Each structure stands twice: as structure tokens, then as C-alpha cells.
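# Residue-level structural notes
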Amino acid sequence: WVATKGDGIYVIDDRLNRISQIKSSVYKKNALSSDYISSLYRDRSGLIWAATKHNGVSIYDRRRTQFSTREILSGTGKDKINQVIWGFWEESEGIVWIVAGNGLARYDRTDDRYSYHLLTKGTGKDKSEIGITAIISDSKGTCWLATTDGIYQLHPDTKRFQKFWLPDKRFGRNGDLTSKGVRGLIEDRYGNLWFSINGIGIFKLNRERSRIRSFLY
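Just so you know, the residues in each chain are numbered from 1, in the order the chain's sequence is written. Only residues with pLDDT of 70 or above have their local features reported here, since the model is predicted, and side-chain atom pairs are shown and tallied only from 80 upward, although totals for entire chains, interfaces and linings are computed over all residues. Computation of side-chain values covers all heavy atoms of the structure but excludes hydrogens and water.

### Examining the pairing of strand β18 (residues 182–187)
Our working definition: At least two DSSP bridges between two strands are needed for those strands to be called paired. Under the scheme used here, helices are H or I runs from DSSP no shorter than 4 residues and strands are E runs no shorter than 2 residues, and both carry numbers assigned from the N terminus.
Both β18 and strand β19 (residues 193–197) contribute to a ladder of 5 bridges, which runs antiparallel. Each residue of the ladder has a partner; that of Val182, found in β19, is Ile197. Counted between consecutive antiparallel strands, the loop separating β18 from β19 contains 5 residues, among which Gly191 sits at a positive phi close to 90°.

What follows is the structure, encoded as C-alpha cells:
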């Protein structure tokens with residue numbers, strides 16, 4: 001499955017040597033909600049989640065061969081979540097965290113319930129939202145967030161965010177990634193955490209030895 005920004009979704013079938021296209025339609029009730037797809041995710045039950053830019057989340061059920069749309073990223077007041085959706089993380093079967101531009105929505109499919117969690121910094125008049133660009137789960141089950149304010153960890157039990165301090169003075173006092181826009185995160189098979197910083201390069205963090213190797217532009 002291939003997500004595009006304007007042409008919907010392409011499905012490549014190697015067995016039949018065929019490529020099919022899925023597009024949105026105002027005339028079909030169970031169609032894709034938008035042709036602007038920022039990411040795709042398959043959960044443990046086999047459902048395909050499509051993140052759109054302004055039209056919520058479209059979930060594809062292969063058994064029924066149809067989409068259902070969830071306009072779930074709304075919230076109210078201080079929990080207002082924007083509609084720019086980037087990705088997904090499955091905490092457990094039936095519970096999926098949906099990444100928006102300024103926070104996350106936790107969706108429990110068991111009782112069709114949502115909760116909203118903004119990521120912010122500062123207090124009072126200095127309080128501001130932090131943009132989230134990527135989310136991953138490592139081999140130990142820890143959830144990591146790449147943000148416009150560095151790297152954060154999410155603790156599902158407490159629903160709290162914790163900033164991750166890098167053990168390297170090159171990133172400011174105490175290894176802070178403040179003001180550093182982290183675009184991507186990935187864990188390799190050895191447990192190392194790789195991350196990219198906009199305009200600087202790619203870095204590999206060995207968490208056991210607290211060492212960082214840089215690959216600069």
C-alpha cells in the first residue's frame with residue numbers, strides 16, 4: 001500500500017502483477033475520506049489506518065472491503081487537537097494512538113472512546129504547543145516522539161510526556177535538544193535509536209553506552 005499527497009492510495013499486488021488505485025468519493029458512503037494521505041498503518045487485527053491532512057482517519061476493513069471514517073481529532077478547550085494527522089502507534093490490540101500536528105488522540109475501539117493529549121511547554125502567557133512529527137515504539141515497548149522541541153517519551157500508563165535528555169554536550173546544556181527539530185526516529189536491531197535533525201544530519205544513539213555518533217550534512 002502506497003500513500004500519496006493528492007492521488008489517494010495505490011495498492012501493489014505482486015502476485016497478480018497489478019496496481020490499483022483507491023480514491024475518495026462524495027458519492028460513496030464507505031469511501032476514502034481524502035486523497036491527501038500522510039501515512040498508512042496496519043494494526044494487529046489487520047485494519048488499515050489512513051491518516052489524512054484535513055478529513056480525519058479512514059479505516060479500511062479488508063473483510064468488508066470498505067472504509068469507515070473517524071472524525072476523532074477534535075477535543076474541546078485546552079484539549080483542542082488540530083486535523084493535521086501524521087501517524088499511528090498501537091499501544092495494545094484495540095487501542096491506537098493517533099498523531100496530530102500538536103498532540104495525540106487515544107482511541108479505544110472496544111468502547112469507541114477517545115481521549116486527547118496536547119504536548120506543550122512553558123506556562124501562562126509563555127505556554128506554547130509542540131509539534132509532533134513522528135512516533136515509534138521500541139523493542140522494550142517504550143513510545144518515542146520526534147517533535148519540534150526535541151525527543152519525548154510517552155508513558156501510556158500515566159498518559160504523560162517526558163522529555164528525553166541526550167548525553168552529549170553538543171546539544172546544549174545537559175544534552176537538551178530544545179529548539180532542535182527532530183524529523184524522524186527509528187530503532188535498529190541492536191537497540192540503537194536513530195534520529196534526524198532538520199538541517200543538521202542523522203544521529204545514532206547507543207543507549208547502553210550513552211554514546212552518540214553523528215552523520216552530518
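### Re the sheet that holds β18
Spelled out, the test is: Note on method: axes are straight lines fitted to C-alpha atoms, helices fitted across the in-contact stretch only, with angles between N-to-C directions ranging 0 to 180 degrees.
Strand order in this open sheet of 4 strands is β18-β19-β20-β21, and the pairing throughout is antiparallel. Because the sheet does not close on itself, it has two edges, and the strands there are β18 and β21 (211–216). Averaged over neighbouring strand pairs, the angle between their axes works out to 20° when direction is ignored.

### A look at the side chain of Arg106
Spelled out, the test is: Burial classification: accessible surface area is computed with a 1.4 Å probe over protein chains only, and a residue below 20% of its type maximum counts as buried, one above 50% as exposed, and the rest as partly exposed. Two residues qualify as a contact provided that any one of their heavy atoms is within 4.5 Å of a heavy atom in the partner residue.
Take Arg106: it is sitting in strand β10 (residues 103–108). The exposure class of Arg106 is buried, given its relative accessible area of 13%. For Arg106, the contacting residues outside a window of four places in its chain are Glu91, Ile95, Val96, Trp97, Arg113, Tyr114, Ser115, His117 and Lys159.

### Comments concerning the nonpolar core
Here is the rule we go by: Residues grouped as a nonpolar core are buried Ala, Val, Leu, Ile, Met, Phe, Trp, Tyr and Cys residues, joined through side-chain atoms within 4.5 Å.
Among the nonpolar cores identified, the biggest contains 15 residues, and Trp144, Ile151, Leu185, Phe195 and Leu205 are the most heavily contacted of them. For this core, the secondary-structure elements that each account for two or more residues are β14 (132–137), β15 (143–147), β18, β19 and β20 (201–206). Broken down by element, the residue count for this core peaks at 3 residues, all from β19. What Leu185 contacts, discounting residues up to four positions off in sequence, is Ile136, Trp144, Leu145, Ala146, Ile151, Leu193, Trp194 and Phe195. Of all hydrophobic cores here, the second largest spans 12 residues; its members include Ile130, Ile132, Leu145 and Leu154.

### Points about the pattern of salt bridges
Operational definition: Every case where a carboxyl oxygen of Asp or Glu lies within 4 Å of a side-chain nitrogen of Lys or Arg is listed as a salt bridge.
Under the criterion given, the structure shown has 11 salt bridges. For the salt bridge of Arg207 with Glu187, the shortest nitrogen-to-oxygen distance reads 3.1 Å. A residue pair is termed long-range when its members are at least 10 positions apart, and Arg207 in the loop between β20 and β21 and Glu187 in strand β18 qualify at 20 residues. Overall, Arg207 belongs to the partly exposed group, its relative accessible area being 27%. Through salt bridges with shared partners, a single network forms among Lys121, Asp149 and Lys163.

### Examining unusual backbone geometry
A positive phi is found at Asn17, a non-glycine position, where the angle reads about 55°. Considering the arrangement of structural elements, one finds Asn17 in the loop between β2 (9–13) and β3 (18–22).

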